[in-house]
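# Structural features, examined
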Amino acid sequence: MLELVWLIPALPLAGFLVLTLAGRRFGEPAAGWLATLVLGGSFAATVAVYIGLIDRPGEERVFSQVLFEWLPVGGLTVDVGFLVDPLSVTMALFITGVATLIHLYSIGYMHGDRDFPRFFALLNLFVFFMLMLVFGDNLLLTFLGWEGVGLCSYQLISFWFTEMPNAVAGKKAFVTNRIGDWGFLVAMFFAFAAVGSLNYLDLNANASSMAMTTATAIAALLFVGAVGKSAQIPLFVWLPDAMAGPTPVSALIHAATMVTAGVFLMIRVNPLLAASSDWLPDVIAWVGVGTALLAATIAVSQNDIKKVLAYSTISQLGYTFLAIGSGAYVAALFHVVTHAFFKALLFLGSGSVIHGMHDEQDMRWMGALRKLMPITAVTFIIGWLAIAGVPPFAGFWSKDEILAYAFDNSPALWAVGLVTAVLTAYYMSRQVFLVFFGEARWNDRRPEDTDEEAAARDVHPHESPWTMTVPLVVLSAFAVIGGLMNMPFSKDLKAFEHWIEPVVHGSEAHLSLSGSEQVLLGLIAIVGSLAGIAVAVMVYLRKRLPVVEPEILAHAWYIDETIAKVVDGPGEAAFEGAAAFDRVVIDGAVNETGTAVKGFGSRLRTVQTGYVRNYALMIAFGTVALLVYVVTRLAL
């Protein structure tokens, strides 16, 4: 069954090609069903590969398949080959599984869009590149997928590009990610110089024998790439604006594909991190927990239903980097998996709300939707409890494990992580209460309304069609039971840890906490989450506490706005100055050199008349001059 691995990315690629060439002929909804079926086939192939891999003993769960030689250049040979191991298969399982549900959901969500076939073609291409990223057996093939998902994110975020904010958001995502990609690119140069190969098996096998400086340089540069893709400080500014795309795109980017790529890369090269200098893991952990806290504070004051979830994704990704910096690779991947379930659920749930509210996204004009959208409400509430860290929902188990490793690494890291968890419970509760509880505010007069607009407003919320609600139900089930794959009560219940162990063996940190200490930390985390929920109840339901939504948090600490002002002001002036220097000095030097050579050539060619008699005369003059010279020398 392992030989079927090529089929996993091939099916979505085939779907993209068919829809690109004949999508208009398929039309709606056939184009959507075709895209969904090929993703379902890809998921089935992934399950088959998983079954083939799990039959092997732990130490033998590695399989390589080379399709063809790609780049034979001197001492560098790069194949198009796939690496099948527990890490790549785990990623592929939730990528294809969640993406299939998102495709099904999109059939209902994108109903009536004039570019319906193009949307599904791009979704298929997005998943293809993500699968190439995780299955590639070398850095260059991963980089191909890495750039591919960046391209697709640009196309999908700016899908409705006729509106300027959407086009700008797509460009912003593309440019910001290029900054991080520089680190990945330079890391490949260093890796080839160090081991003469870009293959992961060669690179990881030689990590322990590398000079610490070399290992640190490669790992740090790859981390720069991961910071861009997974939206960590300072390159997180693109992800909130990624909400400009259709909601299924947001779900795909935030839950199943692009933003998980950085976490995957760090886990893939975990031997390099283990061999690097001690300061690098500390930097990764602090960048992660700092990002988690920063994004959580911003989410507290956001009013756009999708913006809250966007900052929540940045925060949750921060937790995974906190885990990686603490050496908890299993916990990081475990949280990536559970996050894929509840974050896809929350984004698709928000899309259902937007659909039912006739494209309204401002939570201040919602309320009481649980009565008219019961399926969306119940499933969204399950996602809320999961991300808030309430047991027994999936998010509690993965987040609690990360906090335990953080405490073992540094109590300060744990404290910041705990505060973030409390804020997460608070702002997600705020979102649920504003959207589904309280009084209906759908038709209330808004500050910007004219009298005619206020009188004409007549919103009638409604539940979404079955193509949208079925994925919500399935994802909510996984948000409830997902934690069962790695329960902390005994080694026998840690199935996920045993599954991933061959990939991180030798690099994974070992907890020094006693069982009672872990229980105490877990109880503190539960109390913190419940406290966050309780405060939100008192503020937004009971209204016994004042609403505190600072303007500075609504503007995301003015970080993005400051960057925009710098780029549009001094930045633009600097760019114009650099362009002028290039035009006047660089191009001027080149052009003047060419002009001088051209003038000299024009004068020189007058000597070359093309007449034989002229050449004979010149030969005669030369001969005479030579004879005079010789005779003169002899006379002396």
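A brief structural summary. (Residues numbered from 1 in each chain as written. Predicted model: local features only at pLDDT ≥ 70, side-chain atom pairs only at ≥ 80, totals over all residues. Heavy atoms only, no water.)

### Overview of the overall build of the protein chain
In terms of regular secondary structure, the protein chain is built from 25 helices and 2 strands. Principal axes of the C-alpha set define a box for the protein chain whose edges measure 120 × 70 × 50 Å. Of all 636 residues assigned to the protein chain, the portion counted as buried reaches 55%. Partitioning the contacts of the protein chain with sequence separation of at least 6, the portion at a separation of at least 24 is 80%. (Helix = DSSP H or I, 4+ residues; strand = E, 2+ residues; numbered from the N terminus. Buried < 20%, exposed > 50% of the residue type's maximum accessible area, 1.4 Å probe, protein only. Contact = heavy atoms within 4.5 Å.)

### Concerning the pairing of strand 1 (residues 63–73)
Relative to strand 2 (residues 76–84), strand 1 is paired through 9 bridges, and the arrangement is antiparallel. Counterpart to phenylalanine 68 in the pairing with strand 2 is valine 80. Hairpin connection of strand 1 to strand 2: 2 residues between the antiparallel strands, including glycine 74 at a positive phi of 55 degrees. (Pairing = 2+ DSSP bridges.)

### Here we look at the environment of aspartate 400
Locating aspartate 400 in the fold gives a position in helix 17 (residues 394–409). The exposure class of aspartate 400 is buried, given its relative accessible area of 16%. Note: C-alpha distance between aspartate 400 and alanine 421 (21 residues apart in sequence) is 9.7 Å. The contact partners of aspartate 400, leaving out residues within four places of it in the chain, are Leu521, Gly522 and Ala525.

### Things to note about the side chain of asparagine 138
Position of asparagine 138 among the secondary structure elements: in the loop between helix 4 (116–135) and helix 5 (139–157). Its relative accessible area of 3% is what places asparagine 138 among the buried residues. Among the polar contacts listed, one links the side chain of asparagine 138 to the backbone nitrogen of leucine 140, at a separation of 3.1 Å. Sequence-distant contacts of asparagine 138, defined by excluding residues within four places in its chain, comprise Val78, Asp79, Leu198, Asn199 and Tyr200. (Polar contact = N/O pair within 3.5 Å; in protein donor to acceptor, adjacent residues only side chain to side chain.)

### Brief notes about the nonpolar core
Of all hydrophobic cores here, the largest spans 207 residues; its most connected members are Leu139, Trp238, Met266 and Ile324. Here the element with the most residues in this core is helix 15 (residues 329–356); it accounts for 18 residues. Excluding residues within four positions of it along the chain, tryptophan 238 makes contact with Ile157, Lys172, Ala173, Thr176, Asn177, Gly228, Lys229, Ala231, Ile253, Met258 and Val259. (Core = buried A, V, L, I, M, F, W, Y, C linked by side-chain atoms within 4.5 Å.)

### Overview of the side chain of asparagine 124
Mapping asparagine 124 onto the fold places it in helix 4. The residues touching asparagine 124, leaving out its near neighbours within four places in the chain, are Pro12, Gly15, Phe16, Leu19, Ala35, Val38, Leu39 and His103.

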